[in-house]
Every structure is written in C-alpha cells, then in structure tokens.
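Examination of the molecular architecture
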Amino acid sequence: MDGKDVADHAVEYGDSLGADYVEARYIRSKDDNYITRNGKFLGIQKKESRGIGIRVLVDGCMGFGSTNSVHRKAVEDTIDSVVGMAKLSRRDTPIRLSDEKTVRTKWSVPVKRPFADVPEDEKRNYIKELDKSIKRAGKRTIKNRILFMNMNTADKYTTTSHGSCVRANTSLISIMTIMNARYKDRKEQKMVTLGSSSGWEWLKEENIMSELTGQGESLYKTVSYAKDHTFNRPMDVVVAGEVSGIMAHENVGHPSEGDRILGREAAQAGESFYSDILDEDPQIGNEEVTIIDDPTLKGSPGYYRYDEECVKARPRYLIKNGRLNELLLNRECAYRFDKKSNASARSTSYSREPIPRMSNTFFETGDHTKEELIEDVKNGILLNSFTEWNIDDRRFHSKYVGLEAYLIKNGEVTDTMVRRPVLELTTYGILRNVDAVSKEYESRMAPCGKSDPMQPIPVSVGGPHVRLRKVVVG
Amino acid sequence: MTDEELMKMAVDTALGQGAKEVIAQLIEEEEHQIRFSYSQTDIAKRWKRNYLDIFLTSGHPLSLGKKINTLTIHDPTPKKIKTQIPREVRVLRSLPKSKLYWGMDSASHSTYPSLKGLYDERIDEMPEKAPSIVDDTISASHEGGAKKVSGVLYFGKTNKGLLTSHGNGGVYRTSYCRATVRSFHDDNSSGQSLVVTRNLKDIDKKMMDAGSRAGRLAKRSAGGKEEKGGRYDLIMSPTVAGNIFGTLLSSANPIMMLGGMSCLKGKMDEQIGPDSLSVRDDPLVNDGMNSRPFDDEGTPSKRTPLIDEGVFSNLLHNTSTAKLWKLLNWIKLKFWIRPTTTSNSVLGQLGMTGSDDDPRTLLVGPSNYVFEPGTFTLNEMISSSKRPTIYMTSNWYTRFTNMREGKFSTVPRDAAFLIQDGEVKRPVRNLRLKGDLLKMCGDITGIGKDVRQIQWWEVSTPTFVPHIKVKDCTFTKAKS
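It should be emphasised that the depicted structure is a prediction, and the values quoted were computed from it without experimental measurement. Here, residues in each chain are numbered from 1, in the same order as that chain's written sequence. Going through the entries in the order they are written, you letter the chains from A and number the ligands from 1. pLDDT decides what is reported in this predicted model: residues at 70 or higher carry local features, side-chain atom pairs at 80 or more are listed and counted, and totals for whole chains, interfaces and linings draw on all residues regardless. Where side-chain values are given, they derive from all heavy atoms of the structure, hydrogens and water being excluded.

Observations regarding the overall build of chain B
Runs of E in the DSSP output that reach at least two residues are strands. Runs of H or I that reach at least four are helices, and both are numbered from the N terminus. The helix and strand inventory of chain B stands at 9 helices and 24 strands. Relative to a compact globule of 480 residues, whose C-alpha radius of gyration would be 23 Å, chain B shows 24 Å and is just as compact. Judged by the C-alpha coordinates and their principal axes, chain B covers about 70 × 60 × 45 Å. Between two residues, a contact is recorded if the distance between any of their heavy atoms is within 4.5 Å. Partitioning the contacts of chain B with sequence separation of at least 6, the portion at a separation of at least 24 is 72%. Summed over all atoms, the accessible surface of chain B reaches about 17600 Å², with 51% contributed by carbon and sulfur. Taken as two groups, the 68 positive and 55 negative side-chain charges of chain B have centres that lie 6 Å from each other. Every radius of gyration here is taken over C-alpha atoms, with the globule rule written as 2.2 Å times N^0.38, N being the number of residues. With residues, only the protein chains shown are counted as cover, and all accessible areas are computed by Shrake-Rupley using a 1.4 Å probe. Under the counting rule used here, the positive set is Lys and Arg, the negative set is Asp and Glu, and His together with the chain ends is not counted. Throughout, a charge is located at the NZ atom of Lys, the CZ atom of Arg, the CG atom of Asp or the CD atom of Glu.

Right, dumping it as structure tokens:
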C-alpha cells in the first residue's frame, strides 16, 4: 500500500468514525544541502523523509495527528487518537469550514533541469565558486562567509472527505549567505536568502552568482565607508525592494492573516491591529499603496497552484489603492468571516496543520523608475538593504535598521553612506507616507515564522522601490 | 528485536561496510498539544514518530576533518537497516571532508549519572485529563481578571536509545509537560504565565495557578499609556531574562563563533558581569527539560560553568570542537589550554536547511542553562528602584543589528509597568528595548532569589532564571 492509498484509507476510516470532515496529506520529501564556511565544506547532506498528517473535524472541534509510519494500522491509531481528543474538546462556537468547489487535480512546479540530473561536482563547484566570488567582492573585508544551498523536492497528495484531492510535485532551491565583514574597528553583518520554485536552471537564468556577489560588494562598501549621522527629524526616504518587501510582509501581510485577527495565534505570533479597524474606514494608506499576496507567481519561493485545503490559488489584493481590501483566509477563517477561502492554507510538513500564511507579498509596482523617485527628493536617504528589524505582535509598531544606505541631496544619490539609519514607524506611518512606487522589482526569499510548533515557510519578501515622504529617521 | 539489538545491528552493519565511527540513536516519541484562544479549544494534536538516526564517519584518526553522513530510518526494521545503511556508507565515501567533524568520544564509559524525575508515569493519564485541565485553566484565568484566554499545552513522552561504535550509550525515557497561558483583559492588555515541568504531580493545580497569574497580570496592565522613550533601569521577569541572557549564553558555542555570530569571541576569562552572576550549563538539574544521562556521543553528562562569579569561563564543546579549539590554541602558542568535551554533543541541523527535523550533523548544543539564585525578592527590586524603571514581564522578536557585536532590540509584550520612587506607578506600552548584550550583562545590579524554569516560543533552551535588574537601559518608540 503506497502513501496515496494510505491517505485515501485515512479519509475513509475517519469518515467511518463519524468525523464531519477528514483531510489526509501524504508527503514524501527529499533535501539535498551543501554548507560551506569560507569555501570549505562543513557538510553535504542528502535526506529523505515521508509521513502522513490527518486533520479531522468532529462535532465542531478540530483534531490533528501525524505519523511517520505510513501504513493502515498506524494511521488508524492516529485517527482514533485525534478523534478522541477532538471529542473531549470544548467549544461554544463550533468550527465550521467554508464551502468550496470540489477539485480533483494535479500540478507541478515547472522545472527545466531537475536537481537529480545535475552532477554532484557541478553542485559542489557552484557553491565554492560563489564563495570565491563573494570573497573577491569583499576586498579582504568579508573574512567569514557561511553559505547554505538547499534543494528540496516533494511529492504531496492531499485528499479530503469533501471529495477533493490534489497531487503536487514541488521543487525549491535556495541559497542563504551569512557574511561577516570587518574594516578597522567596524563590523557589519549581512544575511540574505534568494530562492525559487524551480530547478537548477534558476541559478543561471537569474544570474544568482552575480546577485549574491553584489551583496558582498554592498557589505564591503557599508563596512568601509558608512559613517554615523544623527537626524531625528522628518526626511524623505526611498526604500529599495529588500526593505519595501519586509515592510509589506510584516506591516501588512501578517496583520491580514485571518487566524491572527480571530485570536488563534495570540499565545504565539500574536494578534492583529486589524481587529480594531475592520468595521471602520478601510482607507489605511495613501492611494499609491497596493499590496498583493500572490502565490501564483511562477518561479517564486511561495509558488503554489492549490493550497493545502485543495482550494485553487489566486492573487490576494490585501490593500488596494490604500484601502484594506482582503484578508488571508483558510476555510476555517473564511467561514467565520462569512467569505470564501482565498487559498491561504499552507503547512511546512506532513506533521504540521495547515494555517493561513503569506506566499509572495509585495507593493504593486508603479509607473516611476527608481531614478524618478530619487529626482524628486531634496534631502533624504536611500535604504538599499536592512539588518535588524522587529515589530510588535499586533503588527503596528515596527523598526527597520538600514544596512546599505546613502544620503540623497538635490535629487541625486550621493557617495555619503549612512551607518545604520533607523526607521521606527507605525504601520500607518509607513502606508500613509508613501507617495510613489517604482516599476522595478527586486526578489528576496525568507522563511516566514509562525505557529507552534514553528512552521518556517518559504515566502518572497521583495518588491519595488517605494518613496516615503517626511518620516522620522533616527 | 529489542531497541538495543536494533541499534547494535545498525552500528555493526555500518562498521561492516567500512564506516570508521558510528552513532545510532533510536527515538520513539509521542507528543500532544492543545491550542486554545478566545477561551476555547482550537485544536487538539498528536504526533507520533519512531525513527533511527545513524551518523556515519570515515577518515584517518589524525586527519583534519573527516567525512560524515547521516541517515534517518523512519519506522525502522532490520530489513531497512540492511538495505539503507550500506547505501549511505557508499555515499559517505564520495563526500568531501567536513571541517566541523574531528572525531567523537572514544573513551569507554561504563557508568552514567542516575537522574531521577525524567519520567512520570502519570503522563499516560494526560491525553484524557488534558482537555478538562485546559478548561479549568481558562476558568481560573477568567477569575483572575481575564476576558479572553489563549495558550498552548504540550505534553509527551520519549524513549531514547543511543549506541556508538565505541560502545557508549544506553536507553532512557522521559516525559514532560509545558504550557503558555496568555490572557487578555482587553485587546491591548495582556499577561502571560508558563508551566514547564517533568513532574506531573498536581499538574492541574499548576496550570490553574498559571492561568490565574496570567489573568491577574492582564487586569493589572489595563489602561496602560504610551511612555516616552529614554533611559530607564529595567527589571526583567524570568521570561525576559531567559530570552535576553539566554541569547548571550547561546554565544558560548564554538559553532556560533565559527559563524561570526558570537559576541563572546575574545572574552574568555574576562569579567562580563557582576560577581553575583553565575550561570552553568546543567544536563543533570532536577526537572530540567533537557536533563539527560549522556549526550549524543554517549559522553556522561556533566555541569559546565559558563559565567562564574561574573567571569566568562567556558565554551560548550563536543569532542570535535574541543579538538579543533585545542589545535587553535596550539597555533596561538597557548599549549596549556586543552579543552575537552563538555558533554554537549547534539545530533542536529545547522541552519534552516531542510523540510524536516531530521539531524544532518553532529553539533554543539546547550542542555539547560541554570542561573545561581541571587539575594533579591521582586518586591525588593521594585522598592529599591529610585530611578525611573520599567518592569517587563514578557518580550518577543529579539533581532540583532550584528550578532558579533551583540547589539539588538526587542519588543516588550504583555504587561509592562513604570516604577518610580520605589513603587509601581502605571502600566505602559508601545516601547522597544534597544540593547547590547555584553553591556547589559555588565550593568546587572540585582539578581532575584526566585529561579524558575522557562521554555516557550521565544526561549527554546530550558533556562532556570530569576528576575534580573539592569541599570541604564535605552527604550525607544515609533516616531511616525
């Protein structure tokens, strides 16, 4: 009996126990990862895992269980247990799921060159060459370089007692770098991750070697030339895609998650300030602000065609022309908001429950070039990248510390680099001060953390250049 | 086939295929979770896994770095062992040497420390009892002043077996229970309390006490106002101290140093805190969530002072990093410094490298951090606060400008209070603590008597820590 058959059996068995809803997910996953420090291998690891996760709804209460023993007896034992626990749970408001169209389909991440077809030497040589290239770019300042390259493929089969089943083949490649630079008594650190839902071809097509080498050059310049400045006054700030991406993610994506608004993450990732404003004027930003979460972008780290509840994915316009437009909903949250799911249910593993997550969240590109954004700034700052950041757990009071940053004077980016400028802004302070967005888009990947146990899920956090008028820079 | 026989078969098979050193770790675990919010249960979960981790090495004993490979056999059987291990030994031969692996503990250990309290038979009653414990906890929190209650209750049991090719290891079992209760008096006024224990006696009462504490804190934080940024003294609850000083302690790790992520690099034997500050890594502490008789190389567990009367005194090591550090000391002509393993070897993952929790290499990891108790009660800390002081009960989202320097900020969460003239004046909110780990350690002015074990979303290493007072901290707030 293979994993698909066991998942089908799980649904039948859960049904036979009287569960109102049963969903079974079988995942077989392979990882191939390479880790170097200063060009020397710390490890090359090839792993394979598989297991099955089952979610049930019984009398309005939810249960979830998983096992790595993929056979009938283990699955029946799991379902007996979670159905029993769900029956013992108490809720005044029963959990219900939104009605969604039944689908039976399959989808795959488009791959031109599967990881399995790439000779081992080519993979090892790539990461060693990348290290050399970053080292050269650092001009002897980047003395400590850690590189992680990971290739993951997964076969997933999800089936539900509502009649849906989706088979998916995914492929994700990512490279994370940790660079430590030192020049005289100054030290700077940069962590950056790039990734794509694709095959080995991504490295060449997107010129990742050049992109990451550029990050090394950026860190070299920052550690060598950036000087402390004191501002503490309102200034115009242009943020590049890396910074606008993290703002879209933290200040808009997270508060848009339906489960946060309903309080379900309160003891972990927190709630959402949206719960205060959902019934008020939805204009929370300037007209120039449109923020999209789009899982359908081919090649993106957060790409998928159907979510973990078998709902077809589509772009979600979280904010449209400054107006709060749409939340991130799975079926449970959609029912509570009297809406349809917009396919936001994701999980990181067979052993994790699907919950509302972001995919690829970004400011919609505008009509300007990035040069035009800068032309119109008399005194300001350009933030190309960031280092420290955080935000309160209702997602309103945020802080972003710039890494590569330049003074802008009379419409031109100067050679004067600013060391660690601080934007400590509320979400309104960001969204209500945006007056222009560029055409260009810059991609970044991050593992977004949420839930308990933690589910670090791949998302993209890039975007266009965005101009903020008159915000206080610390 | 017994667990011991299964592990022996794995080790013998790997050695027979040409592996030089082998670790076989057999885990059978069952964990449960109940999550709740808005004072009702959201989901009840159970995870069950049984697997055999195999760590394989090859290479000359004197070589600088050796080849390593790991394999996880899920739902292990003799047949899987016989087919999968030979394949992975063949893969091992084709891999480059790892600069992180220099060998494992080859001494023969016939005895291990005997630890009491690792397993509580009452764990088997928990799946049935837990839902009503959660309900009672919620009720207790409402009685304390909460209007809505959220949280998570975990409990579980593990059978762990270990056998190395040097004959070290054994079999033991553990159980645990831990919970976070976060209660709200209104959307912006919350309090949090934790339960972290292996001892299930009166677990229902412990949970209800936690619920009640969280409810009372939430009620006391109601009506909080935004406070001005600036310089304040700071009283950290154990939850906050566990996060901030736990992050400092995690720097006492050679792998963090190799990665440029440790602010303790170059600080060995320096005074980094007051004489009253002593912290150890302690795998033997009673009730510790990571207490264990041996580490993942089969080295008997022992205590390691990390900060001794304010002096940074040791790094944690496994056998490999101890050898590496010994060599580095020789290169620096410091022949007299010969570190040995501190029994902190952990099969784990380096970075976020994969889609599962399976180990990928042999690392160095802490067991439980244990702070020596100080002399202050919380009331004494408060009443002795003549300068404006912030009392933080919880925090989250600690992020670094640069981990090598230890500069960071973190966001107070839940109840926080302004103390003036030795009295709690009012609840405050929307501040951010900006800090420097080493400076804050040096600025500790008071250590509490009330050591308690902390482990939750923001504190992954179990940490026995009291309230801690730090002078002259910087708080900021959003400016637009």
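Moving on from the coordinates now.
What to know about a nonpolar patch on the surface
Residue and element names in this part refer to chain B. Candidates for patches are residues over 30% relative accessible area with no salt bridge; among them, like charges are joined within 9 Å and nonpolar side chains (Val, Leu, Ile, Met, Phe, Trp, Tyr) within 5 Å. Take a side-chain nitrogen of Lys or Arg and a carboxyl oxygen of Asp or Glu: if they are within 4 Å of each other, that pair is a salt bridge. On the surface, a cluster of nonpolar side chains totalling about 580 Å² of accessible area is made up of Trp330, Leu333, Phe335, Trp336 and Ile337. One can find Leu333 in the loop between helix H7 (319-331) and strand E12 (345-348). Only protein chains enter the accessibility calculation, which uses a 1.4 Å probe; a residue is then buried when its area is under 20% of its type maximum, exposed when over 50%, and partly exposed in between. Residue Leu333 is classed as exposed on the basis of its relative accessible area, which comes to 57%.

Overview of the environment of B:Asp296
Residues and elements named next belong to chain B. Positionally, Asp296 belongs in the loop between strand E9 (279-281) and strand E10 (304-308). Distance from Asp296 to Lys225, taken between C-alpha atoms, is 50 Å for residues 71 residues apart in sequence. Setting aside anything within four residues of it in sequence, one finds Asp296 in contact with Ile23, Gln25, Lys160, Leu162, Ser345, Val346 and Leu347. Within the structure, the side chain of Asp296 is placed 2.7 Å from the side chain of Lys160, a separation counted as a polar contact. We call two N or O atoms a polar contact when they sit within 3.5 Å, provided that within protein one can donate a hydrogen and the other can accept it, with sequence-adjacent residues counted only if both atoms are side-chain atoms.

Considerations on the pairing of strand E1 (residues 21-37) of chain A
Residues and elements named next belong to chain A. For E1, the buried fraction is high: 14 of the 17 residues fall into the buried class. By definition, two strands form a pair when at least two bridges between them are found by DSSP. Where E1 lies against strand E2 (residues 40-58), 17 bridges are found, and the strand directions are antiparallel. Note on E2: the bridge partner recorded for Ser29 is Ser49.

Concerning the interface of chain A and chain B
Each side of the interface is counted separately: chain A has 97 residues, and chain B has 90 residues. Summed over both partners, the accessible area lost on bringing two parts together, with a 1.4 Å probe, is the buried area. For the pair chain A and chain B, the summed buried area comes to about 7700 Å², and 46% of that belongs to carbon and sulfur atoms. When residues of chain A are sorted by the area they lose upon contact with chain B, A:Lys47, A:Met85 and A:Glu424 head the list and together hold 10% of the total. If you look at where chain A meets chain B, you find 11 salt bridges. Where B:Lys45 meets A:Glu353, a salt bridge forms, and the shortest distance between an N and an O atom there is 2.9 Å. At the boundary of chain A and chain B, one finds 62 residue pairs in polar contact (both at pLDDT 80 or more).

Structural notes on the pairing of strand E13 (residues 361-364) of chain B
Note on strand geometry: in a regular strand, side chains alternate between the two faces of the sheet. Residue and element names in this part refer to chain B. Neither face of E13 is exposed, since Thr361 and Leu363 on one face and Leu362 and Val364 on the opposite face are all buried. With 4 bridges joining them, E12 and E13 adopt antiparallel strand pairing. The residue bridging Val346 from the neighbouring strand is Leu363, located in E13.

Overview of the packing of helix H3 (residues 120-137) of chain A against helix H5 (residues 208-225) of chain A
Two quantities define a packed helix pair, namely the angle between the axes and the distance from one axis to the other. All names here are of chain A. Axes, fitted as lines to C-alpha atoms, cover a helix only where it is in contact. Angles between the N-to-C directions of the axes lie from 0 to 180 degrees. Running from N to C, H3 and H5 cross one another at 30°; their axes reach a closest spacing of 8 Å. As far as their axial angle goes, H5 and H3 are roughly parallel. Handedness of the H3/H5 crossing: right-handed. The residues of H5 that touch H3, namely those facing Tyr126, Glu129, Leu130, Ser133, Ile134 and Ala137, are Ile208, Met209, Leu212, Thr213, Gly216, Glu217 and Tyr220. Residues are grouped as follows: nonpolar covers Ala, Val, Leu, Ile, Met, Phe, Trp, Tyr, Cys and Pro; charged covers Asp, Glu, Lys and Arg; every other residue, Gly included, is treated as polar. Split into classes, the residues belonging to the contact of H3 with H5 amount to 8 nonpolar, 3 polar and 2 charged. With respect to orientation, any angle under 35 degrees is reported as roughly parallel, any angle over 145 as roughly antiparallel, any angle of 65 to 115 as roughly perpendicular, and every other angle as oblique. In this scheme the handedness of a crossing depends on how the near helix is turned from the far one: anticlockwise by less than a right angle means left-handed, clockwise means right-handed.

Concerning the pattern of salt bridges
Pairs can form between side chains of opposite charge whenever their charged atoms are close. Applying the stated criterion across every chain yields a total of 71 salt bridges over all chains. The closest approach of N and O atoms between A:Glu23 and A:Arg55, which form a salt bridge, is 2.9 Å. Note that A:Glu23 is positioned in strand E1 and A:Arg55 in strand E2, a separation of 32 residues in sequence. Residue classification places A:Glu23 among the buried residues on the basis of a relative accessible area of 0%. A relative accessible area of 1% means that A:Arg55 is categorised as buried. B:Arg231 is the salt-bridge partner of B:Asp472, the closest N and O atoms lying 3.2 Å from each other. Residue B:Asp472 is located in strand E24 (residues 468-476), and its partner B:Arg231 is located in strand E8 (residues 230-236); the two are separated by 241 residues in the primary sequence. Overall, the relative accessible area of 28% leaves B:Asp472 in the partly exposed class.

Observations concerning the sheet that holds strand E11 (residues 323-324) of chain A
All names here are of chain A. Read from one edge of the open sheet, 4 strands run E11-E10-E9-E14, paired in antiparallel fashion. Taken across any chain shown, the strands that pair with only one partner, and hence form the sheet edges, are E11 and strand E14 (361-363). Pairing between strand E9 (residues 291-293) and strand E10 (residues 316-320): 3 bridges, direction antiparallel. Each residue of the ladder has a partner; that of Asp293, found in E10, is Arg316. Sheet contacts for helix H6 (residues 241-253): E9, E10 and E14; angle to E14, the most-contacted strand, approximately 110°.

Structural notes on the packing of helix H3 (residues 126-144) of chain B against helix H4 (residues 203-220) of chain B
Residue and element names in this part refer to chain B. Following both chains from N to C, one finds H3 and H4 inclined at 30°, their axes separated by 7 Å at the closest point. The angle between H3 and H4 places the two elements in the roughly parallel class. Judged by the sense of rotation from one axis to the other, the crossing of H3 with H4 is right-handed. Judged by residue contacts, Met126, Lys129, Ile133, Asp136, Thr137, Ala140, Ser141 and Gly144 of H3 engage Ile203, Asp204, Met207, Met208, Gly211, Ser212, Ala214, Gly215, Arg216 and Lys219 from H4.

Things to note about the nonpolar core
What makes a nonpolar core is a set of buried Ala, Val, Leu, Ile, Met, Phe, Trp, Tyr and Cys residues whose side-chain atoms join them at distances within 4.5 Å. Judged by nonpolar contacts, the single largest core of 82 residues is most densely connected at B:Met236, B:Phe245, B:Met440 and B:Phe475. Here this core gets 6 residues from one element, more than from any other, and that element is helix H5 (residues 238-249) of chain B. Contact partners of B:Met236, with chain neighbours within four places excluded, come to B:Ala241, B:Ile244, B:Phe245, B:Tyr391, B:Met392, B:Met440, B:His467, B:Ile468 and B:Val470. By size, the runner-up hydrophobic cluster in this structure holds 52 residues, among which are A:Ile246, A:Leu327, A:Leu425 and A:Cys448.

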